[in-house]
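Structure assessment
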Amino acid sequence: MKYVPERHMEYPNNLDMKIRKCLVYFLGMSILFIIWKLSVIETDVEKLQFLKDTLYLNKEQLQLSHQQLILIEHLYQTKLGKELPMIYAVTPTYTRYVQKAELTRISQTLALVPNVHWILVEDSDEKTDLVRNLIADSNLLVTHLNTKTPVIEKLGDKDPRWKKHRGVTQRNAGLKWLRSNLELNKDKGVVYFMDDDNTYSTKLFKEIAKVKKVGVWPVGLVGGLNAETLILDQHTGKVVGYRSGWKADRKFAIDMAGFAINLDLILSKPEAQFSYEMEKGFQESEFLSYFTSKEELEPLADNCTKVYVWHTRTEKPVVKGIVPGLEV
Ligand code: UDP
Ligand code: MN
């Protein structure tokens, strides 16, 4: 007869019991750990808020710099998960005597802005050491690009400024970078065209961060006026017209420095570009037409009552001699 081994009932032996106990214990500890961690995060925020309020209250006595206060604010916002949207600032730049001075000025303004990604586009066949070194010194988040303006589109030394479009190829290179490196519905941000010779208040970037679709604000010292601005309806607060020194009847009579566009819009309209075909002085108007209508514009800077950017121009210096060994 064949021997059939008797089947034993499988009682958990001591070892199994120990493993189970360990598992339950481990699970329990994990839950406790998660609860503890959450409570710590909570108190971290409260602590940070207390710290922030105290530092702000005593900023004079503590001699805290604006930059330090910005950092504290940024830390606090990040902890709260209320990060500011990334501002993609696209800046065309070209070699001339004042370039380093201009870029020093604007990079040091950007150093006071926590949420900025600077897209610096050189009008050149090769990236220059001057710009490369300036970027390395700046500690900013920078994407460095270069693309040369076609020779026939380049402004001659004696030409008046209005004769040619400026910065077209470079702004388009910036747009191309955004569209090839960022993803619609994933990356969030606002795009601003930030020429290298204007003067920017750090307050402007707080306004740019508020842009939902297309935000607009006054620009100082432009178009023969002390400032160009938007005319708002007194009751609705919506844009109804433009106070502009030149062709105020353009669909959007706004300077390049006077608007910013949400990244979603930039990414969802890949055909929108600047172009040499556009009539002189119509780059802004035609570009904005891809994205919005006058009625939809979002007036910022305290309902367009504040000037936070100036269309300054730096005088071309007369250089009669070169001191060797100095990069200026
Ligand atoms: N720019 C450029 N190449 C040029 C001329 C200008 O890249 O040949 C850049 C310049 O550095 C600035 C932008 O294009 O960031 C607008 O130029 P500019 O300030 O001369 O124009 P305007 O203020 O007169 O409109
Ligand atoms: Mn300019």
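The structure this text deals with has already been given above.
Residues numbered from 1 in each chain as written. Chains lettered and ligands numbered in written order. Predicted model: local features only at pLDDT ≥ 70, side-chain atom pairs only at ≥ 80, totals over all residues. Heavy atoms only, no water.

**Observations concerning the packing of helix α4 (residues 99–110) against helix α5 (residues 129–138)**
- For the pair α4 and α5, interaxial distance at closest approach is 11 Å and the crossing angle is 20°. Between α4 and α5, the angle falls in the class roughly parallel. Two packed elements cross with a definite hand, and for α4 against α5 that hand is right-handed. The segment α4 lies against α5, with Q99, K100, L103, T104 and S107 engaging L130, V131, L134 and S138.
- Its residues placed into classes, the contact of α4 with α5 shows four nonpolar, four polar and one charged. (Axes fitted to C-alpha atoms, helices over the stretch in contact; angles between N-to-C directions. Helix = DSSP H or I, 4+ residues; strand = E, 2+ residues; numbered from the N terminus. Parallel < 35°, antiparallel > 145°, perpendicular 65-115°, else oblique. Left-handed = near helix turned anticlockwise from the far one by under 90°. Contact = heavy atoms within 4.5 Å. Nonpolar A, V, L, I, M, F, W, Y, C, P; charged D, E, K, R; others polar.)

**Some thoughts on the pattern of salt bridges**
- Tallied over the full model, the rule gives twelve salt bridges.
- Here R105 and E102 are joined by a salt bridge, their closest N and O atoms 2.9 Å apart. Of this pair, R105 and E102 are both found in helix α4, three residues apart, which corresponds to roughly one turn of the helix.
- Overall, the relative accessible area of 33% leaves R105 in the partly exposed class.
- For E102, a relative accessible area of 3% corresponds to the buried category.
- With a shortest N-O distance of 2.8 Å, D129 and R132 are connected by a salt bridge. Of the two residues, D129 and R132 are both situated in helix α5; the distance of three residues between them amounts to about one turn of the helix. (Salt bridge = Lys/Arg side-chain N within 4 Å of Asp/Glu carboxyl O. Buried < 20%, exposed > 50% of the residue type's maximum accessible area, 1.4 Å probe, protein only.)

**So, the coordination of the manganese ion (ligand 2)**
- Looking at the metal site, the manganese ion (ligand 2) is ligated by D197 (OD) and D197 (OD), spaced 2.1 to 2.6 Å from it.
- In this structure, D197 sits in the loop between β4 (189–193) and β5 (199–200). (Donors = N, O, S within 2.8 Å, 3.2 Å for Na, K, Ca; no water.)

**A word on the site of ligand 1**
- Looking at ligand 1, there are 16 residues lining it, with P92, D123, K154, R166 and D197 nearest.
- For ligand 1, an oxygen atom lies 2.7 Å from a polar atom in the backbone of P92.
- The contact in question runs from an oxygen atom of ligand 1 to an N or O atom on the side chain of R166, over 2.8 Å.
- For ligand 1, whose accessible area on its own is 520 Å², the fraction buried by protein is 92%.
- Taken together, the elements giving at least two residues each to the shell around ligand 1 come down to β1 (86–93) and α6 (168–181).
- Considering only residue class, the shell around ligand 1 consists of two nonpolar, four polar and ten charged. (Near = heavy atom within 4 Å. Polar contact = N/O pair within 3.5 Å; in protein donor to acceptor, adjacent residues only side chain to side chain. Areas by Shrake-Rupley, 256 points an atom, 1.4 Å probe, with all protein chains shown as cover.)

**Section: the sheet that holds strand β2 (residues 116–122)**
- An order of β3-β2-β1-β4-β10-β6-β11 is seen for the seven strands of this open sheet, with the pairing classed as mixed. With partners counted over all chains shown, the strands left at the sheet margins are β3 (141–146) and β11 (298–299), one partner each.
- Sheet analysis places β1 next to β4, joined by five bridges and oriented parallel. Residue M86 lies in a different strand from β4, and its bridge partner there is G189.
- This element, α4, spans β1 and β2 of the sheet and lies at about 165° to β2. (Pairing = 2+ DSSP bridges.)

**Details of the nonpolar core**
- Counting 36 residues, the largest nonpolar core has L178, F193, I254, I261 and F287 as its most contacted members.
- No other element matches the five residues that α6 contributes to this core.
- Not counting chain neighbours up to four residues away, the residues in contact with F193 comprise V90, R171, L175, M256, A257, F259, F274 and F287.
- By size, the runner-up hydrophobic cluster in this structure holds 32 residues, among which are W118, V222, L300 and A301. (Core = buried A, V, L, I, M, F, W, Y, C linked by side-chain atoms within 4.5 Å.)

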